[in-house]
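# Reading the structure
Residue strings, one per chain:
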Amino acid sequence: MTKKLIYVDNLSKGTVHEMYNASSLKMFSEIYAEVIYYTSRPVKKNTFRVLKNKPINIKYKFLPIINWSTRAGDYLTAFISTLTICYVLFKSNKKDVIFYNFAPLWTFSVINALTKLLHRKVILMFHGELEYLYESSPMNFFSMKALKRMKNEKFIPSEGLYFCVLGEVIRRNLKTHISKKVHEKFLSFEHSYIFRQDVKLNKVNDGIIRVGLIGSLRKEKRFLESIMKFSKLLKFKKNVKLFSIGRVHYDKNVLNQEGINIISDSDIRSLTRTEMDKAISKLDYILFLYPKDGYKLRASGALYDAIDSEKPILALKNDYFNEVFTEHEDIGCLFENEKEIARFFNNTEQLNLNTDYKIIKQKLSPTSIGLKFKKELEKIDFL
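For the structure given in this document, a descriptive report is provided here. Everything quoted here is computed from the prediction, not taken from an experiment. In every chain, residue numbers begin from 1 and rise along the written sequence. The predicted nature of this model means local features are confined to residues of pLDDT at least 70 and side-chain atom pairs, given and counted, to a pLDDT of 80 or more, with totals for whole chains, interfaces and linings taken over all residues. To obtain the side-chain values, all non-hydrogen atoms of the structure were used and water was disregarded.

Think of it this way: DSSP has to see at least two bridges between two strands before they count as a pair. Each helix corresponds to a stretch of at least 4 residues labelled H or I by DSSP, and each strand to a stretch of at least 2 residues labelled E; elements are numbered beginning at the N terminus. As summarised here, the arrangement of the seven strands in space is 3-2-1-4-5-6-7, forming an open sheet in which the pairing is parallel. Of all strands in the sheet, those bounded by a partner on one side alone are strand 3 (58-62) and strand 7 (186-188). Looking at each pair of strands side by side, their axes are set apart by 25 degrees on average, direction ignored. The sheet contact formed by strand 1 (residues 4-8) and strand 2 (residues 34-39) spans five bridges and is parallel. Paired with Tyr-7 across the two strands is Tyr-37, which belongs to strand 2. Note on contacts: a residue pair is in contact if any heavy atoms of the two residues lie within 4.5 Å. Between N-to-C directions, angles cover 0 to 180 degrees, with each direction set by a line fitted to C-alpha atoms, over the stretch in contact for helices. Strand contacts of helix 1 (residues 18-29): strand 1, strand 2, strand 3, strand 4 (97-100) and strand 5 (121-125), with the helix running at about 170 degrees to strand 1, the strand carrying the most contacts.

Right, here's the structure in full:
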């Protein structure tokens, strides 16, 4: 390891994506001799809490992040993050590798131009925003312009600019949505995780099967329709109880009427990781009802929370889940539709419950994922 990586997180707020932040930072600390970590003090504190033992080769540098939940706050966040992106590019040197852990689409043209002008080596990390390549988008003009440039066969990214996604399946799927020249500049690494080795399984033996959705319960129409459809199917099964564990962005009274139980106050605030772990420990199964045509160009952090909890996973088939379950088939079962999942509770013995989570967690650790990604970085001379 001879080079330095500059890890820039100028958009994170609170505990959002905290595990991705911490695990990817740790991964890079095992690839590079030195990692300069730019972010706000609250995010730094939260990231180091998840890491527990901070690698000694990570050095912290302050960057301001505006955390106002208003329209004015959103504009100020965009403005400040653009300034900090430019600041890091100018402050770095040609030997450094700069990793932006969230790619702000509105600054795409600025980053591309400065990377070329300053001869920098830059990796932009993309998450769920790429799904707007084929779905209707609420994003601003500059963000949409960036996505259109990715589709344009005439657009040639700067020589030192690369893009990255969480999973090879996402990189493959991108091929039909962006130009060939842009696709050639995409890298990928799997979602790593800092797993617990001693997991408490507080199963409640009262004859009730507890099934839980984990992660944010959002207002996205197709997602909610799937949950409501499934909850109606469970009304015929008196021994099955459905929970939503995570931040709830929906009317809790409606959810309660539909037989969907939530954690107290989760409709007005995000739960702490301790609260999440405690609630998940009481579940018998973890449920994912993401749309079958969704998760083509995004990863699911909640899936790795489920693996960490060592609970069997029940999910609808989609590209991303199919890929993960192919590699780690013992983590649960995939189904074609909600009716198949409901029928599963008539005979739960069909699921293998002798999963070796120690091996699975080792394969998904920052160290293991980093060894694979290191080869990609070597190919493009970023090491």
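Following the structure, the description resumes.
We now examine the pattern of salt bridges. Two side chains bearing opposite charge may form a pair once their charged atoms approach each other closely. Basic side-chain nitrogens of Lys or Arg form a salt bridge, by our definition, when they fall within 4 Å of a carboxyl oxygen of Asp or Glu. A complete count under the given rule lists 22 salt bridges for this structure. Across the pair Glu-30 and Lys-26 runs a salt bridge whose closest N-O atoms are separated by 3.3 Å. Measuring nitrogen to oxygen at the nearest pair gives 2.8 Å for the salt bridge that ties Glu-275 to Arg-269. Using a 1.4 Å probe on the protein chains alone, a residue whose accessible area is under 20% of its type maximum counts as buried, one over 50% counts as exposed, and one in between counts as partly exposed. Taking the relative accessible area as the measure of exposure, Glu-275 reaches 30% and is therefore partly exposed. Assessed through its relative accessible area of 30%, Arg-269 is described here as partly exposed. Each of the salt bridges in this network shares a partner with another, and the network as a whole consists of Arg-196, Asp-277, Asp-308, Glu-310 and Lys-361.

Of all hydrophobic cores here, the largest spans 125 residues; its most connected members are Phe-28, Phe-288 and Phe-345. Residues in contact with Phe-288, not counting those within four places in the same chain, are Ile-214, Ser-300, Ala-302, Leu-303, Ala-306, Ile-313, Leu-314, Ala-315, Leu-316 and Phe-321. By convention a nonpolar core is built from buried Ala, Val, Leu, Ile, Met, Phe, Trp, Tyr and Cys residues, the set being connected through side-chain atoms within 4.5 Å.

What follows is about the packing of aromatic side chains. Note on aromatic contacts: the rings of Phe and Tyr and the six-membered ring of Trp form a pair at centre separations within 6.5 Å, being stacked when their planes are under 30 degrees apart, edge-to-face when over 60 apart, and tilted otherwise. If you walk through the whole model with that rule in mind, you get 30 aromatic pairs. Ring centres 5.8 Å apart and planes at 50 degrees place the aromatic pair Phe-108 and Phe-155 in the tilted group. Residue Phe-108 is found in helix 4 (residues 108-118), and its partner Phe-155 is found in the loop between helix 5 (141-151) and strand 6 (161-165); the two are separated by 47 residues along the sequence. Note on Phe-155: relative accessible area 6%, which makes it buried. Taken together, a centroid distance of 5.4 Å and an interplanar angle of 75 degrees make the contact between Phe-141 and Phe-142 edge-to-face.

Most of strand 5 is tucked away, with five of its five residues classed as buried. Residues Lys-121, Ile-123 and Met-125 point to one face of strand 5 and Val-122 and Leu-124 to the other, with burial holding for every one of them. In this structure, strand 4 lies alongside strand 5, joined through four bridges in parallel fashion. The residue of strand 5 that forms the bridge with Val-97 is Lys-121. Between the parallel pair strand 4 and strand 5, the chain is carried across by helix 4, and the sense of this crossover is right-handed. Here strand 5 runs beside strand 6; their pairing, made up of four bridges, is parallel. Across the sheet, Val-122 pairs through a bridge with Leu-161, a residue of strand 6. With strands facing away from the observer, any crossover in which the path from the first strand over the helix to the second runs clockwise is taken as right-handed. Remark: the strand 5/helix 5/strand 6 crossover connection has right-handed handedness.

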